[in-house]
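# Fold and geometry: a report
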Amino acid sequence: MNIVDPEQCFFLKVNGESMNLLVKNGAFALIRKTDFVENGEVAAVLVNGYDATLKKFSKQGDVVVLEPMSNDPSFSTQIYNKNTDIKVIGKYIGKMEMK
């Protein structure tokens, strides 16, 4: 996959359909470790210290918005204020899908 600094990357197995326009359920998202992403980039994020979620990320002041990229309308945008522990753990840079 021509990865520069592979020790700074990890794969995150996608479980669910909330990002199926970008990565299919069961595929592996390639994540570059970082604690900062630009608004509009796709990030791996911990919410309240639990399982990582992959979402389109944006932040305005103390408000964090995690937006799904899905053809399933049952997934909605998640909005968090400063009272929720949000931690970016990486930036989406690619995928590996099994056929």
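Residues numbered from 1 in each chain as written. Predicted model: local features only at pLDDT ≥ 70, side-chain atom pairs only at ≥ 80, totals over all residues. Heavy atoms only, no water.

## Structural notes on the environment of Glu-97
Note the threshold: A helix here means a DSSP run of H or I that spans at least four residues, while a strand means a run of E at least two residues long, and both kinds are numbered starting from the N terminus. Here a polar contact means two N or O atoms within 3.5 Å. Within protein one must be a hydrogen donor candidate and the other an acceptor candidate, and residues neighboring in sequence count only if both atoms are side-chain atoms.
Here Glu-97 shows up in the segment after strand S7 (86–96). Note: C-alpha distance between Glu-97 and Asp-62 (35 residues apart in sequence) is 35 Å. At a separation of 3.3 Å, a polar atom in the side chain of Glu-97 contacts the main-chain amide nitrogen of Lys-24.

## Points about the environment of Gly-26
Put simply, the test is: Note on definitions: a residue-residue contact is assigned when non-hydrogen atoms from the two residues lie within 4.5 Å.
Mapping Gly-26 onto the fold places it in the loop between strand S1 (9–13) and strand S2 (28–33). Measuring from C-alpha to C-alpha, the distance between Gly-26 and Glu-97 comes to 7.6 Å, with 71 residues separating the pair along the chain. Once residues within four sequence positions are removed from consideration, Gly-26 is found in contact with Lys-13 and Val-14.

## Examining the sheet that holds strand S5 (residues 63–67)
For clarity, the cut-off: Two strands form a pair only when DSSP identifies at least two bridges running between them. Axis definition: a line fit to C-alpha positions, over the contact stretch in the case of helices; interaxial angles, taken between N-to-C directions, run 0 to 180 degrees.
Here 7 strands make up an open sheet; going across it, the order is S1-S2-S7-S3-S4-S5-S6 and the pairing antiparallel. The open sheet is flanked by S1 and strand S6 (78–80), the only strands paired with a single partner. Neighbour-to-neighbour, the strand axes of the sheet open up by a mean angle of 45°, direction not taken into account. Bridge count between S1 and S2: 5 bridges; the pairing is antiparallel. Residue pairing in the sheet places Lys-13 in a bridge with Phe-28 of S2.

## Considerations on the layout of surface pockets
By rolling a water-sized probe across the atoms, one finds the places where empty space is left. Selection rule: Cavities and pockets are defined on a 1 Å grid built over the protein atoms alone: a cavity is a set of grid points where a 1.4 Å probe fits but cannot escape, while a pocket is an open set with protein on both sides within 12 Å along at least five of seven lines, and lining residues are those with an atom within 4 Å of any such point. Grid points are joined across faces, edges and corners, and a volume is the space filled by probe spheres set on the points. The residue classification treats Ala, Val, Leu, Ile, Met, Phe, Trp, Tyr, Cys and Pro as nonpolar and Asp, Glu, Lys and Arg as charged. All others, Gly included, are polar.
Roughly 260 Å³ of internal volume is contained in the largest pocket. For the largest pocket, the lining is made up of 16 residues, of which Phe-57, Lys-59, Val-64, Ile-86 and Val-88 are closest to its centre. Elements supplying a minimum of two residues to the lining of the largest pocket: strand S4 (52–60) and S7. Classifying every residue of the lining of the largest pocket gives 7 nonpolar, 3 polar and 6 charged.

## Things to note about the side chain of Ser-70
Within the secondary structure, Ser-70 sits in the loop between S5 and S6. Once residues lying within four places of it in the same chain are set aside, the contact partners of Ser-70 are Glu-17, Ser-18, Met-19, Asn-20, Leu-21 and Phe-75.

## A short note on the nonpolar core
Using the following cut-off: Buried residues of nine kinds, namely Ala, Val, Leu, Ile, Met, Phe, Trp, Tyr and Cys, make up a nonpolar core once their side-chain atoms join them within 4.5 Å. Only protein chains enter the accessibility calculation, which uses a 1.4 Å probe; a residue is then buried when its area is under 20% of its type maximum, exposed when over 50%, and partly exposed in between.
With 12 residues, the main nonpolar core is built from Leu-12, Val-14, Met-19, Leu-22, Val-23, Ala-27, Ala-29, Ile-31, Val-42, Ala-44, Leu-54 and Tyr-92. Elements that contribute at least two residues to this core include exactly S2 and strand S3 (42–47). Beyond its immediate sequence surroundings of up to four residues, Ile-31 is in contact with Gln-8, Cys-9, Phe-10, Leu-12, Ala-44, Leu-54, Gly-90, Lys-91, Tyr-92 and Ile-93. The next biggest cluster of nonpolar side chains, apart from the first, holds 9 residues, and it includes Ala-43, Val-47, Phe-57 and Leu-66.

## Considering the packing of aromatic side chains
Basically, it comes down to this: Side-chain rings of Phe, Tyr and Trp (the six-membered ring for Trp) are treated as a pair once their centres are within 6.5 Å; stacked means planes under 30 degrees apart, edge-to-face means over 60, and tilted covers the remaining angles.
With the rule as written, the count across this model stands at 1 aromatic pair. Measuring from centroid to centroid gives 6.4 Å for Phe-11 and Phe-28, while their planes differ by 85°, and the two rings are edge-to-face. Residue Phe-11 is located in strand S1, and its partner Phe-28 is located in strand S2; the two are separated by 17 residues in the primary sequence. Judged by its relative accessible area of 38%, Phe-11 is partly exposed.

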